[in-house]
Each structure stands twice: as structure tokens, then as C-alpha cells.
Amino acid sequence: MRLPGSVAKNIERVRRTIAAFCEKAGRSPEDVRIVAVTKDVSPELMEEALACGIRVFGENRVQEALAKMSLFSGKGVTWHFIGRIQRNKLKKIVAHFHCVHSLDREDFGGAMATYLRNLGKEAYPVLVQVNLTGKVTQGGVREEELSGLLWQLSGFPEIQVVGLMTIGPQGGSEEEIRRVFRRLRELKDRVNDMGIPGIVLTELSMGMSDDYHLAVLEGATMLRLGRAIFGERRMP
């Protein structure tokens, strides 16, 4: 049974943790944003999060997200697509989401640019997902292919690559997890030094409910948090 106000307590706990680890890293908590992952989360719990100041919801299922978007229309919510991209869902993704975290293929970038052009949109913010664990189930471009992909994406004015995203090694040690997050930060810096036209990376989407404190230490600017906020809850 869900306890009244539990989402508010969870968010308060998360914010305290972010502040504590920002202090350790010499960072400002204002530089870290929470993307509340709302997959299988009821609108009632999402309303609780909204009341606590959460304004970014992350979804990886397009149809589920579209149903929720109508319920939260006009409430100042920004929607991020955080799942693996399917070509047949691309048109709906760019039409309804405000940002995409998981672009990892040039052909998807080209298709996305075409849809955006038809919608009259430019500089649509995306993050490129990088696979730093080698697990194919996680998706993402390989590290050695990242610069090539970014050069290709720089040719699409409809797309604005604003950062990188990765998933940490599940079940890994603290050092293994931090190593992956640290590497993503290093890749961001390396890309910025390359001077790819139109690309300046400012965002690092990394860290989920089990490892977000470690991501904060390594420079995360976006934390994708589901269970840490909503608990082990599912829609009826």
C-alpha cells in the first residue's frame, strides 16, 4: 500500500543526496536536473511529483507517454524520450517530446531531421547515447564511432546535439560505475576540443536510481530517476 506523501519524501531524500554529493564534488546542486522516469507510473503519483517541483518526465514507451501528455497539458511539463529508438516511432517522438536522450545511429538522425523539417522545427535538442559497457542490450554508439557519428549529425541543422548519455554497468562495483561515468565526461570534453561545427556539449545524462550519487560525483547534469522517486509502483 502506498503511503500518503511518500513521493514527496522520496524527492526530498533524493535532493538531499544530490546536494551532499555535489558538495563533495565541488558542484552546485542547481547544475543537476532530475528527469523523473514515469514508465508504468500512475498519473496520481506523477501529480505528486509535479507538486514537489518536478517538471521533467522521462518516458521510453511512446504510446504510454502520449496518453499521459494529454493529462498534463498546460502544466509546464517537459517530456524527454529516454528509451531505445524505433524507426516507426520517430515521427511521433519528435512531434511530441521536447528532447531525446538516446540517438545512436546516423540513419535515425537523418530520418529525425526530415520529420523535424516537415514540422518546421530547428535545433531540436538530442543527446547521443554511448555504450561504454559493451552490453548490446543497452544500446548506444561505441566509443570509437562517436566522433564520426557527431560529424554526420552536425550536418543536420534541425538537430542540436547538446550532450551524451550512457547507462552504468548494472551490478558493478563503485569504481567500475564511476569509471564509466568518468569516461563519458572525458568524451564530452574531448568532443568539445574537436571543434565540430555547431556542436558544443553541455549535458551528461547518466545515473539512475541505484547509482545516481556516483554520477553526480562524475559530472552528471541529468539524472534519470524512477524507483528512487516513485518506488516499486506500477499503474493498476
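Residues numbered from 1 in each chain as written. Predicted model: local features only at pLDDT ≥ 70, side-chain atom pairs only at ≥ 80, totals over all residues. Heavy atoms only, no water.

Peer 1: Which residues make up the overall build of the protein chain, and what are the values?
Peer 2: Of the regular secondary structure elements, the protein chain holds nine helices and nine strands. Overall size of the protein chain, expressed as C-alpha extent along the three principal axes, is 50 × 40 × 30 Å. The 236 residues of the protein chain split such that 52% are buried. Summarising the internal contacts of the protein chain: among those between residues at least 6 apart in sequence, 61% fall at separations of at least 24. As displayed, the protein chain has an accessible area near 11,100 Å², and 50% of this comes from carbon and sulfur atoms. Here the protein chain carries 34 positive and 29 negative side-chain charges, and the mean point of each set is 4 Å from the other. (Helix = DSSP H or I, 4+ residues; strand = E, 2+ residues; numbered from the N terminus. Buried < 20%, exposed > 50% of the residue type's maximum accessible area, 1.4 Å probe, protein only. Contact = heavy atoms within 4.5 Å. Areas by Shrake-Rupley, 256 points an atom, 1.4 Å probe, with all protein chains shown as cover. Lys, Arg positive; Asp, Glu negative; His and termini not counted. Charge placed at Lys NZ, Arg CZ, Asp CG, Glu CD.)

Peer 1: Outline the pairing of strand E5 (residues 124-131), listing residues and values.
Peer 2: Among the eight residues that make up E5, seven are buried, leaving the element largely enclosed by the rest of the structure. Across two bridges, the pairing between strand E4 (residues 99-103) and E5 is parallel. Residue Leu 103 lies in a different strand from E5, and its bridge partner there is Val 128. Of the crossover connections in this fold, the one passing from E4 over helix H5 (residues 106-119) to the parallel E5 is right-handed. With six bridges connecting them, E5 and strand E7 (residues 159-165) associate as parallel partners. For Val 128, the partnering residue across the bridge sits in E7 and is Leu 164. Where E5 and strand E6 (residues 141-142) come together, two bridges link them in parallel fashion. Bridge pairing links Asn 131 to Arg 142 in E6. (Pairing = 2+ DSSP bridges. Right-handed = clockwise from strand over helix to strand, strands pointing away.)

Peer 1: Summarise helix H1 (residues 6-25); cite the residues concerned and give the values.
Peer 2: With 20 residues, H1 extends 29 Å from end C-alpha to end C-alpha; this agrees with the ideal 28 Å at 1.5 Å per step. Of all the positions in H1, only Ser 6, Val 7, Asn 10, Ile 11, Val 14, Thr 17, Ile 18, Phe 21 and Cys 22 are classed as buried. Axial view of H1: buried residues confined to an arc of 140 degrees, hence all on one face. Opposite the buried face of H1, by more than 90 degrees, sit the exposed residues Lys 9 and Glu 23. Structurally, H1 contributes buried residues whose contacts are with strand E1 (33-37), helix H2 (43-51), helix H8 (212-217), strand E9 (222-225) and helix H9 (227-230). Gly 26 occupies a position one or two residues after H1 and carries a positive phi of about 70 degrees. (Expected span 1.5 Å × (residues − 1). Arc of directions from axis to C-beta.)

Peer 1: Give me the pattern of salt bridges: which residues, what numbers.
Peer 2: In the structure shown here, the tally under the stated rule is 21 salt bridges. When the shortest N-O distance is used, the salt bridge between Glu 47 and Lys 75 registers 2.5 Å. One end of the pair, Glu 47, is in helix H2; the other, Lys 75, is in the loop between helix H3 (62-71) and strand E3 (78-81), with 28 residues separating them in the sequence. Taking relative accessible area as the criterion, Glu 47 reaches 32% and is therefore assigned partly exposed. Here Glu 59 and Lys 68 are joined by a salt bridge, their closest N and O atoms 2.8 Å apart. (Salt bridge = Lys/Arg side-chain N within 4 Å of Asp/Glu carboxyl O.)

Peer 1: So what's going on with the packing of aromatic side chains? Which residues, and what values?
Peer 2: Evaluation of the coordinates by the stated rule reveals four aromatic pairs. A cation over an aromatic ring shows up here: Lys 24 above the ring of Phe 21, its NZ or CZ 4.4 Å from the ring centre. Its guanidinium or amino end placed over the ring of Phe 108, Arg 105 lies 4.1 Å from that ring's centre, counting from NZ or CZ. (Phe/Tyr/Trp six-rings, centres within 6.5 Å; stacked < 30°, edge-to-face > 60°. Lys NZ or Arg CZ within 6 Å of the ring centre and 35° of its normal.)

Remember, this is a structural readout, not a statement about activity or role.
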